[in-house]
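Analysis of the macromolecular model
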Amino acid sequence: MKNKNMTEQFINDVGFEGYTFIEGGVCAAKGFKAAGVNAHIKANSQKNDMALIYCDKICNAAALYTQNKVKGAPIVVTKRHLADGRAQAVIVNSGNANTCNSNGIEIAEGACELTAKALDISSENVIVASTGVIGQKLSLEPFEKNIPILKEKLSENGYNDACTAIMTTDTRQKQFAVEFKLGDKVCRLGGMSKGSGMINPNMATMLAFITTDVKISSEMLHSALKQINAITYNMVSVDGDTSTNDMVTLLSSGYADNNEITEFNEDYNIFIYALHAVMMNLAKETARDGEGASKLITCVVKNADTEETAKATALSVVNSPLLKTAVSAADANWGRVMCAIGYADADFDVSRVSVDFASKAGEVRVCENGVGVDFSEDEAYKILSEEEVIIIIDLHSGDNPAVAWGCDLTYDYVKINAEYRS
């Protein structure tokens, strides 16, 4: 199964035949429960800020982490705990990133130990994650007080409370789940994520927790996660900043009782399509919910000579502040698209490039063979005034596509980040 096929599936809006979207988020898969509480980590906060995810058996597990050289203490601890590809619980907080703290490792390990004690499991099987302000001290006190409460609240219906608890500047919950079959076995895969600002590939600034009841080895989980992350979360950008705490985890309970996936075969292909269905939608919602954003920007690049060229071009466009502000104003300033294409880290013949703007209001070509064409400014304004805008770029140099997601840049982005610590 090639990544290109899944990208083409999205571009052509084929849908996910054989995969049914269901409720349940991170609790949709058999064996998983979750809970969320307000631990008052951030002063005067009225929302949940601590969550617990638990499976009643040890799971095969995999994770990917931020590429930022500065890494939060939870990243260091979780990497160590997942060295054996096994986990059983996740403890996560928002409001404080536990990053650049002298006692950060102590706090992260302490949170794991408190979780393990409450659940009567090994602390080595606990994943810990944090998100929020960098460089502010974090105490174990909120964990000591609230982990026992979380344990008592664990429920198969706890996914909404848990999802709310990981939000920071997010304005909406981000969770999806799908049901599908492997042979005659009904399988489920679902997840939740957070991310709104400090979003840039490798990965987008976010936390994501995905669970499945498919029986699959840790090695295959890691392979699937890496493969799908490359065309979902790594193709999202809001503001060009890469966080210190990015983490996406994938846990498998195996309760679907399918033939265990231990190699690249048709069952593996079916599994990664399910993973793509969930992660692609979570990635899109991350871009849609960019800090201060009013519009989702999808950049589709077609007919590149290589996948790398297609990806670099798409990301260059959604990263452009000038393009983002133009979309915010519904200004069909297609020259800003060409400018962003031109400084992409890729080689292609600019004289063959065409650009279209599209949305549910229609589609208009604004550039062909590298030069502008006559078009209706009024029609373009209507198209760009929609909440979802698509920029279609045809490089006419091969058959490789890519999709990147971003958002417009508004005055509210500055306001939100100017007041982030208040």
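Higher on the page you've got the structure.
Residues numbered from 1 in each chain as written. Predicted model: local features only at pLDDT ≥ 70, side-chain atom pairs only at ≥ 80, totals over all residues. Heavy atoms only, no water.

**Remarks on the overall build of the chain**
Looking only at helices and strands, the chain has 12 helices and 15 strands in total. Long-range pairs, those at least 24 residues apart, make up 81% of the contacts in the chain between residues at least 6 apart in sequence. Taken as a whole, the chain presents about 16,900 Å² of accessible surface, with 46% of it coming from carbon and sulfur. (Helix = DSSP H or I, 4+ residues; strand = E, 2+ residues; numbered from the N terminus. Contact = heavy atoms within 4.5 Å. Areas by Shrake-Rupley, 256 points an atom, 1.4 Å probe, with all protein chains shown as cover.)

**Regarding helix α9 (residues 321-328)**
Buried within α9 are the following residues: Leu323, Lys324, Ala326 and Val327. The buried residues of α9 occupy an angular sector of 160° when projected down its axis, which confines them to one face. Close packing links the buried residues of α9 with β10 (296-304), α8 (307-319), α10 (335-342), α11 (377-384), β14 (388-394) and β15 (400-407). Once α9 finishes, alanine 330 follows within two positions and takes phi at roughly 55°, a positive value. (Buried < 20%, exposed > 50% of the residue type's maximum accessible area, 1.4 Å probe, protein only. Arc of directions from axis to C-beta.)

**Remarks on the pairing of β14**
Within β14, 5 of the 7 residues are buried, which leaves it mostly tucked inside the rest of the structure. In this structure, β10 lies alongside β14, joined through 7 bridges in parallel fashion. Paired with lysine 302 across the two strands is aspartate 394, which belongs to β14. Across 5 bridges, strand β11 (residues 354-359) lies against β14 in antiparallel orientation. In the sheet register, alanine 358 faces β14, and the bridge partner there is isoleucine 390. (Pairing = 2+ DSSP bridges.)

**As for the environment of glutamine 67**
Its place among the elements puts glutamine 67 in the loop between β3 (50-65) and α2 (73-81). A residue is classified by how much of its surface remains accessible, and glutamine 67, at 56% relative accessible area, is exposed. Along the chain, glutamine 67 and aspartate 246 lie 179 residues apart, while their C-alpha atoms are 8.3 Å from each other.

**Some details on the packing of α8 against α10**
Direction vectors running N to C along α8 and α10 enclose 130°, while the axes themselves pass 8 Å from each other. Compared by their axis directions, α8 and α10 come out oblique. The element α8 and its partner α10 pack so that their crossing is right-handed. In this structure, α8 contributes Thr313, Ser316 and Val317 to the contact, and α10 contributes Val337, Ala340 and Ile341. Considered class by class, the residues forming the contact of α8 with α10 number 4 nonpolar, 2 polar and no charged. (Axes fitted to C-alpha atoms, helices over the stretch in contact; angles between N-to-C directions. Parallel < 35°, antiparallel > 145°, perpendicular 65-115°, else oblique. Left-handed = near helix turned anticlockwise from the far one by under 90°. Nonpolar A, V, L, I, M, F, W, Y, C, P; charged D, E, K, R; others polar.)

**Thoughts on the environment of leucine 138**
Locating leucine 138 in the fold gives a position in the loop between β5 (126-131) and α4 (141-153). Classification of leucine 138 as buried rests on a relative accessible area of 7%. A C-alpha to C-alpha distance of 7.7 Å links leucine 138 and glycine 104, two positions 34 residues apart in sequence. Residues in contact with leucine 138, not counting those within four places in the same chain, are Ile41, Asn93, Asn96, Asn98, Asn101, Asn103, Ile107 and Phe143.

**Notes on unusual backbone geometry**
One can expect most non-glycine residues to show negative phi and most peptide bonds to be in trans. A positive phi angle, close to 50°, is found at asparagine 98, a residue other than glycine. On the secondary structure map, asparagine 98 appears in the loop between β4 (86-94) and α3 (104-119). Non-glycine residue aspartate 120 carries a positive phi angle of around 60°. Tracing the chain through its elements places aspartate 120 in the loop between α3 and β5.

**Notes on the side chain of threonine 211**
With respect to the helices and strands, the residue threonine 211 is situated in strand β8 (residues 207-212). With relative accessibility at 2%, the residue threonine 211 sits in the buried group. At 2.7 Å, the side chain of threonine 211 and the backbone oxygen of valine 26 are in polar contact. Ignoring anything within four residues of it in the chain, the contact list for threonine 211 reads Val26, Ala29, Phe32, Arg188, Leu189, Gly190 and Leu251. (Polar contact = N/O pair within 3.5 Å; in protein donor to acceptor, adjacent residues only side chain to side chain.)

**Observations regarding the packing of aromatic side chains**
Counting across every chain of the model gives 3 aromatic pairs. Judged by centre distance (5.6 Å) and plane angle (40°), the rings of tyrosine 19 and phenylalanine 180 are tilted. Of this pair, tyrosine 19 sits in the loop between α1 (3-11) and β1 (20-21) while phenylalanine 180 sits in strand β6 (residues 175-182); the two residues are 161 residues apart in sequence, bridging distant segments of the chain. A relative accessible area of 3% places phenylalanine 180 in the buried class. (Phe/Tyr/Trp six-rings, centres within 6.5 Å; stacked < 30°, edge-to-face > 60°.)

**Focus: the nonpolar core**
Grouped together as the largest cluster of nonpolar side chains are 76 residues, with contacts concentrated most on Phe180, Phe271 and Ile393. In terms of residues, this core owes the most to one element, helix α7 (residues 266-288), which gives 13 residues. Counting residues in hydrophobic clusters, the runner-up holds 29 residues, among them Ala34, Ile75, Ala87 and Cys163. (Core = buried A, V, L, I, M, F, W, Y, C linked by side-chain atoms within 4.5 Å.)

**Regarding the pattern of salt bridges**
Under the counting rule described, the total for this entry stands at 13 salt bridges. Between lysine 215 and aspartate 257 there is a salt bridge, with the nearest N and O atoms lying 3.3 Å from each other. Within this pair, whereas lysine 215 is found in the loop between β8 and α6 (218-229), its partner aspartate 257 is found in the loop between β9 (247-252) and α7, the two being separated by 42 residues in sequence. Take aspartate 257: its relative accessible area is 44%, and that puts it in the partly exposed class. Of the charged contacts in the structure, one is a salt bridge between glutamate 386 and lysine 360, with a shortest N-O distance of 3.9 Å. (Salt bridge = Lys/Arg side-chain N within 4 Å of Asp/Glu carboxyl O.)

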